[in-house]
Amino acid sequence: MTAQQQVRRWAWVGTFLIGSGLYLLVLAVLTDTGNPNLFPTMILLGALVVPLTFVTFAAGRSGRWLIDGPTLGGALLFGGVVGVVVAGLLEYDAMRKLGALPMLGVGLIEEAAKLVVPAILVLFFGHRYRHSIGGGIVIGVAVGTGFAVLETMGYAFVALLQSGGNVGAAEQTLFIRGLLSPAGHAAWTGITCWGLWRFVVAPTGKRFLGFLGAYAVAVALHTTWDGIGGRVTYAIVGVISIGILLTGLRHAQRQDARIAA
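A word on the overall build of the chain. Each helix and strand counted, the chain has eleven helices and zero strands in total. For the chain, the sequential pattern of α-helices and β-strands runs α-α-α-α-α-α-α-α-α-α-α. In terms of overall dimensions, the chain is globule-like: its C-alpha atoms have a radius of gyration of 19 Å, near the 18 Å expected for 261 residues. Along the first, second and third principal axes, the C-alpha atoms of the chain reach 60 × 55 × 35 Å. Considering the chain as a whole, with its 261 residues, one finds that 45% of them fall into the buried category. Nonlocal contacts in the chain, meaning residues at least 24 apart in sequence, comprise 79% of its contacts between residues at least 6 apart. Accessible surface, the chain: about 12900 Å² in total, of which carbon and sulfur atoms supply 71%. Distance between charge centroids for the chain: 16 Å, based on 17 positive and 10 negative side chains.

Shown next as structure tokens:
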């Protein structure tokens with residue numbers, strides 16, 4: 001393994017330490033001064049540190065294909081924004097027409113909404129991104145991370161308002177949701193993009209069914225997470241989600257190596 005690969009592989013440690021340090025610094029100043037102008041910075045950093053660390057971790061294990069910073073940043077930002085907007089619109093319309101939206105419907109809509117940006121990359125920029133299954137997984141993780149970060153920021157903001165400006169309430173929301181997000185949206189979108197990129201790299205009927213199967217797995221994990229809830233459920237679903245994602249990255253490394261050979 002080259003020095004550059006070693007740096008990539010362990011870059012997540014630096015990301016976590018620097019991000020955590022910045023968050024704690026902002027939190028300390030906010031607690032000391034009570035300056036409300038620091039609330040947005042605290043919420044942003046609190047929602048971003050752990051998910052961004054996980055994206056860096058996944059990128060360091062994507063194999064020989066390095067996903068450049070602009071692609072990762074664009075997937076995280078645009079994938080998150082587009083996913084949140086599309087999911088919010090579809091969920092609103094469904095609830096308005098059906099009266100109540102079951103957890104299965106939420107999973108179906110949100111996992112589909114997070115595929116909008118990856119699908120655009122495949123359809124319109126396929127010559128650049130179609131050669132690496134591992135790269136596709138990392139793009140999926142970045143999109144899921146962007147979705148999770150925006151969702152966490154929304155929940156933290158609501159917690160802050162409902163508590164009358166209690167920083168502790170927002171901090172607790174940021175900690176719980178930020179810590180769990182890699183095992184949730186990031187992993188589920190990564191799993192779905194594993195199936196999507198396997199199909200676009202070598203389109204066959206079997207691999208298309210594999211993509212549908214990956215999407216179904218992501219929806220099932222999402223529905224179980226939301227529908228049952230609780231620490232035990234989060235732990236079990238989280239372990240399964242991360243386990244499938246890491247398995248996908250290992251398989252993608254071997255498949256990408258064969259493609260490049």
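Orientation of helix 2 (residues 39–59) relative to helix 7 (residues 133–162), taken along the N-to-C sense of each, is 160°, at an axis distance of 9 Å. Of the possible angle classes, the one that applies to helix 2 and helix 7 is roughly antiparallel. For the element pair helix 2 and helix 7, the recorded crossing hand is right-handed. For the pair formed by helix 2 and helix 7, the contact residues are F39, I43, L44, A47, L48, P51, L52, F54, V55, A58 and A59 on the first element and V138, V141, A142, T145, V149, T152, M153, A156, F157 and L160 on the second. Considered class by class, the residues forming the contact of helix 2 with helix 7 number 19 nonpolar, two polar and no charged.

So, about the side chain of T223. Take T223: it is sitting in helix 10 (residues 205–228). Residue classification places T223 among the buried positions, given a relative accessible area of 18%. Setting aside its immediate chain neighbours within four residues, T223 contacts M103, L104, G107 and I228.

For the rest of this paragraph, the subject is a nonpolar patch on the surface. A cluster of nonpolar side chains, contributed by L77, F78, V81, V84, V85 and L150, occupies part of the molecular surface with about 510 Å² of accessible area. Summarising the element assignment, F78 is placed in helix 3 (residues 69–98). Accessibility expressed as a relative area gives 54% for F78, which makes it exposed.

Let's shift gears to the packing of aromatic side chains. Under the criterion given, the structure shown has seven aromatic pairs. Relative to F211, the ring of F208 has its centre 6.3 Å away and its plane inclined at 50°; by these criteria the two rings are tilted. Within this pair, F208 and its partner F211 are both found in helix 10, separated by three residues, close to a single helical turn. Judged by its relative accessible area of 38%, F208 falls in the partly exposed class. For F211, a relative accessible area of 14% puts it in the buried group. Members of the aromatic cluster, joined through ring pairs, are W10, W12, F54 and F57.

Our next topic: the packing of helix 9 (residues 185–201) against helix 10. Taken N-terminus to C-terminus, the directions of helix 9 and helix 10 make an angle of 170°; their axes are 7 Å apart at the nearest point. Looking at the two axes, helix 9 sits roughly antiparallel to helix 10. Between helix 9 and helix 10, the contacting residues are H185, W188, I191, T192, G195, L196, R198 and F199 on the first element and R207, F208, F211, A214, Y215, A218, L221, H222 and W225 on the second. Considering only residue class, the contact of helix 9 with helix 10 consists of eleven nonpolar, four polar and two charged.

So, on to the side chain of T192. Structurally, T192 can be placed in helix 9. Note on T192: relative accessible area 1%, which makes it buried. A polar contact of 3.0 Å, which involves the side chain of T192, links it to the backbone oxygen of W188. Beyond its immediate stretch of four places on either side in the chain, T192 contacts E111, L115, F211, A214, Y215 and A218.

So, on to the nonpolar core. By size, the foremost hydrophobic cluster in this structure holds 41 residues, and its most contacted members are L72, I137, I139, V141, W197 and L245. When contributions to this core are tallied by element, the ones reaching two or more residues are helix 2, helix 3, helix 5 (116–124), helix 7, helix 9, helix 10 and helix 11 (231–260). No other element matches the nine residues that helix 9 contributes to this core. Every residue in contact with I139, bar those within four places of it in the chain, is listed here: T71, A75, L121, Y129 and W197.

Here is what the cut-offs are and how they apply
- Residues numbered from 1 in each chain as written.
- Predicted model: local features only at pLDDT ≥ 70, side-chain atom pairs only at ≥ 80, totals over all residues.
- Heavy atoms only, no water.
- Helix = DSSP H or I, 4+ residues; strand = E, 2+ residues; numbered from the N terminus.
- Rg over C-alpha atoms; globule rule 2.2 N^0.38 Å.
- Buried < 20%, exposed > 50% of the residue type's maximum accessible area, 1.4 Å probe, protein only.
- Contact = heavy atoms within 4.5 Å.
- Areas by Shrake-Rupley, 256 points an atom, 1.4 Å probe, with all protein chains shown as cover.
- Lys, Arg positive; Asp, Glu negative; His and termini not counted.
- Charge placed at Lys NZ, Arg CZ, Asp CG, Glu CD.
- Axes fitted to C-alpha atoms, helices over the stretch in contact; angles between N-to-C directions.
- Parallel < 35°, antiparallel > 145°, perpendicular 65-115°, else oblique.
- Left-handed = near helix turned anticlockwise from the far one by under 90°.
- Nonpolar A, V, L, I, M, F, W, Y, C, P; charged D, E, K, R; others polar.
- Patch = residues over 30% accessible without salt bridge, like charges linked within 9 Å, V, L, I, M, F, W, Y side chains within 5 Å.
- Salt bridge = Lys/Arg side-chain N within 4 Å of Asp/Glu carboxyl O.
- Phe/Tyr/Trp six-rings, centres within 6.5 Å; stacked < 30°, edge-to-face > 60°.
- Polar contact = N/O pair within 3.5 Å; in protein donor to acceptor, adjacent residues only side chain to side chain.
- Core = buried A, V, L, I, M, F, W, Y, C linked by side-chain atoms within 4.5 Å.

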